[in-house]
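Structural features, examined
Residues per chain, in single letters:
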Amino acid sequence: MDTGTHLVIGLGLAGLSQIDPSVSADSAATTAVFIGTVIGSQIPDVDGLLRFKGNATYIRNHRGRSHSLPALLLWTLLITGALALFFHGISLLHLGMWVGIAVCFHVFTDCFNTYGTQAFRPFSEKWVSWNIIHIFDPFIFSSHIAAIFMWSFHVASPKLVFPSLYGVIALYYIWRSLDHYIVEKGLYRKDPTHMPGDKYTLIVTFNLYVWNVVKRRTDGTFQLGELKNSKLRWIDTIKCEDHPAIEASKNHEDIQALLYFSSFTCAEVKEHRWGYEVRWADVRYRHRKQYPFVGVVLMDHNFQTLDSYVGWVNDTRLEKKLKVDLY
């Protein structure tokens with residue numbers, strides 16, 4: 001989820017903690033849990049600081065180890081231990097429990113969007129991205145805002161508001177998951193061009209009733225489409241090219257980072273007077289007829305790197321970031 005949603009969830013879990021007598025009966029414990037759930041709901045994203053080490057490092061590691069199984073315990077112990085230095089006489093067991101819930105809930109919600117996490121490390125480095133909930137979900141965000149408002153202005157007791165909120169949120173996640181599963185399984189029936197071996201991936205959008213569709217064909221071709229009002233419309237076809245320059249680009253750290261993160265990449269190569277421009281794109285992300293999540297390597301005719309870039313960018317900004325004149 002986005003930072004703002006993680007923040008309101010942290011506040012919401014602080015409100016939910018009022019159902020715990022050890023917290024609600026002690027103002028110091030209430031304050032400690034409030035701080036703990038807010039920090040716990042944000043702390044896994046501390047790996048965002050990796051941006052300062054470069055985009056390749058950030059893309060390869062963001063939502064990786066910081067969202068792993070050992071990290072859940074580590075973050076919980078660190079936050080609880082730090083708060084214990086300032087809040088004496090409160091139940092550390094209950095404090096740690098609510099901090100742990102906040103940390104785990106952060107990772108759990110991140111698994112539902114398209115970017116995903118490596119939540120099962122160290123047992124698996126596979127990216128877990130279920131494509132079910134948009135990174136910013138208006139319902140989740142607005143329902144938390146409404147509940148926090150009622151709590152803040154004493155409209156209703158938090159012991160009533162927040163259990164109700166999370167009961168509804170749980171039903172919402174179940175509904176979205178079932179809807180995604182049923183729709184994705186039935187995509188081939190809606191596709192008049194379906195061929196044996198075609199694999200479909202249904203990707204969530206901001207609109208609850210509009211989905212993006214990625215079809216991978218057996219020849220390596222990708223088709224991008226939109227499912228709207230139960231009607232599937234194909235809007236683009238991408239054929240991955242094969243060229244020695246593309247193979248050479250796989251040795252570059254920027255491209256390795258992109259390929260490590262995504263299995264939905266496709267490459268194209270353009271020849272220029274000075275060499276080759278190899279562009280890899282993650283086809284899951286299409287915006288205004290462009291694919292903004294890219295890895296680009298510029299090489300001379302001997303496949304020696306002249307410049308490179310990996311990350312989110314449009315064509316205009318990409319030309320400014322690369323020192324070599326593309327044209």
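This text follows the structure it describes.
Predicted model only: the values in this text are computed from it and were never measured.

What counts as what
- Residues numbered from 1 in each chain as written.
- Predicted model: local features only at pLDDT ≥ 70, side-chain atom pairs only at ≥ 80, totals over all residues.
- Heavy atoms only, no water.
- Helix = DSSP H or I, 4+ residues; strand = E, 2+ residues; numbered from the N terminus.
- Buried < 20%, exposed > 50% of the residue type's maximum accessible area, 1.4 Å probe, protein only.
- Contact = heavy atoms within 4.5 Å.
- Areas by Shrake-Rupley, 256 points an atom, 1.4 Å probe, with all protein chains shown as cover.
- Core = buried A, V, L, I, M, F, W, Y, C linked by side-chain atoms within 4.5 Å.
- Pairing = 2+ DSSP bridges.
- Axes fitted to C-alpha atoms, helices over the stretch in contact; angles between N-to-C directions.
- 1 Å grid on protein atoms, 1.4 Å probe; cavity = no way out; pocket = protein on both sides within 12 Å on 5 of 7 lines; lining within 4 Å.
- Points joined across faces, edges and corners; volume = space filled by probe spheres on them.
- Nonpolar A, V, L, I, M, F, W, Y, C, P; charged D, E, K, R; others polar.
- Phe/Tyr/Trp six-rings, centres within 6.5 Å; stacked < 30°, edge-to-face > 60°.
- Salt bridge = Lys/Arg side-chain N within 4 Å of Asp/Glu carboxyl O.
- Lys, Arg positive; Asp, Glu negative; His and termini not counted.
- Polar contact = N/O pair within 3.5 Å; in protein donor to acceptor, adjacent residues only side chain to side chain.
- Disulfide = S-S within 2.5 Å.

This part takes up the overall build of the protein. For the protein, the helix and strand inventory stands at 12 helices and eight strands. Dimensions of the protein along its principal axes, counting C-alpha atoms only, are 75 × 45 × 35 Å. The 327 residues of the protein split such that 49% are buried. The long-range fraction of contacts in the protein, counting pairs at least 24 apart against all pairs at least 6 apart in sequence, stands at 54%. For the protein, the computed accessible surface area is about 16,600 Å², with 61% contributed by carbon and sulfur atoms.

Within the largest apolar cluster, 43 residues are counted, with the highest numbers of intra-cluster contacts made by Leu13, Leu95, Ile133, Ile140, Phe162, Tyr166 and Tyr173. Excluding anything up to four places from it in sequence, Ile140 contacts Met1, Thr5, Ile133, Ile169, Tyr172 and Tyr173. Among the nonpolar cores identified, the runner-up in size contains 21 residues, and Trp127, Ala267, Val297 and Val310 belong to it.

The peptide bond linking Arg121 to Pro122 adopts the cis configuration, its omega dihedral lying at 10°. Looking at the secondary structure, you find Pro122 in the loop between α6 (92–110) and α7 (138–152). Here His154, not a glycine, exhibits a phi torsion of approximately 55°, which is positive. Within the fold, His154 resides in the loop between α7 and α8 (158–185). Here Phe303, not a glycine, exhibits a phi torsion of approximately 65°, which is positive. Within the secondary structure layout, Phe303 lies in the loop between β7 (293–299) and β8 (305–312). The partly exposed category is assigned to Phe303, whose relative accessible area is 32%.

In space, the four strands of this open sheet follow the order β5-β6-β7-β8, with antiparallel pairing throughout. Bordering the open sheet on either side are β5 (265–272) and β8, each of which pairs with just one other strand. Strand-to-strand twist across the sheet, computed as the mean angle between neighbouring axes with direction ignored, equals 10°. Bridge count between β5 and strand β6 (residues 275–282): eight bridges; the pairing is antiparallel. Pairing of Val269 across the sheet is with Val278, part of β6.

Here the focus is the layout of surface pockets. Estimated volume of the largest pocket: approximately 1,000 Å³. Considering the residues around the largest pocket, the lining is formed by 39 residues, among which His134, Ile135, Arg284, Tyr285 and Trp312 are closest to the centre. Its residues placed into classes, the lining of the largest pocket shows 17 nonpolar, 12 polar and 10 charged.

With that settled, the discussion passes to the packing of aromatic side chains. Counted by the stated rule, this structure contains 21 aromatic pairs. Summarising the aromatic geometry, the rings of Tyr172 and Trp175 are spaced 5.9 Å apart at their centres and angled 55° between planes, so their arrangement reads as tilted. Taken together, the residues span about one helical turn, with Tyr172 and Trp175 both in helix α8 at a distance of three residues. Classification of Tyr172 as buried rests on a relative accessible area of 7%. Chaining the aromatic ring pairs together yields one cluster made of Phe105, Phe108, Phe112, Trp130, Phe139, Tyr166, Tyr172, Tyr173 and Trp175.

Across the eight residues of β6, eight count as buried, placing the element largely inside the fold. The loop that links β5 with its antiparallel partner β6 comprises two residues.

One pass over the full model with this rule turns up nine salt bridges. Salt-bridge contacts for Glu247 lead to Lys250; the nearest nitrogen and oxygen are separated by 3.1 Å. By relative accessible area, which is 32% here, Lys250 ends up partly exposed. Taken together, the shared-partner salt bridges in this structure form one network comprising Asp191, Asp198, Lys215 and Arg217.

Here the focus is the side chain of Asp137. In this fold, Asp137 is placed in the loop between α6 and α7. Put simply, Asp137 is tucked away with no salt bridge, and the nearest opposite charge, on Arg176, sits 5.2 Å away. At 2.6 Å, the side chain of Asp137 forms a polar contact with the side chain of Tyr172. Setting aside its immediate chain neighbours within four residues, Asp137 contacts Met1 and Tyr172.

The full count for this structure, using the stated rule, is one disulfide. Paired by a disulfide, Cys240 and Cys266 hold their sulfur atoms 1.9 Å apart. Judged by the sign of its S-S torsion, about -130°, the cystine formed by Cys240 and Cys266 is left-handed. Linking Cys240 in the loop between β4 (231–238) and α10 (244–249) with Cys266 in strand β5, this pair joins segments that are 26 residues apart in sequence. In this structure Cys266 comes out as buried when scored by relative accessible area, which is 5%. Residue Cys104 stays outside any disulfide, its sulfur separated by 11 Å from that of Cys111, the closest cysteine. Classification of Cys111 by relative accessible area gives buried; the value is 6%.

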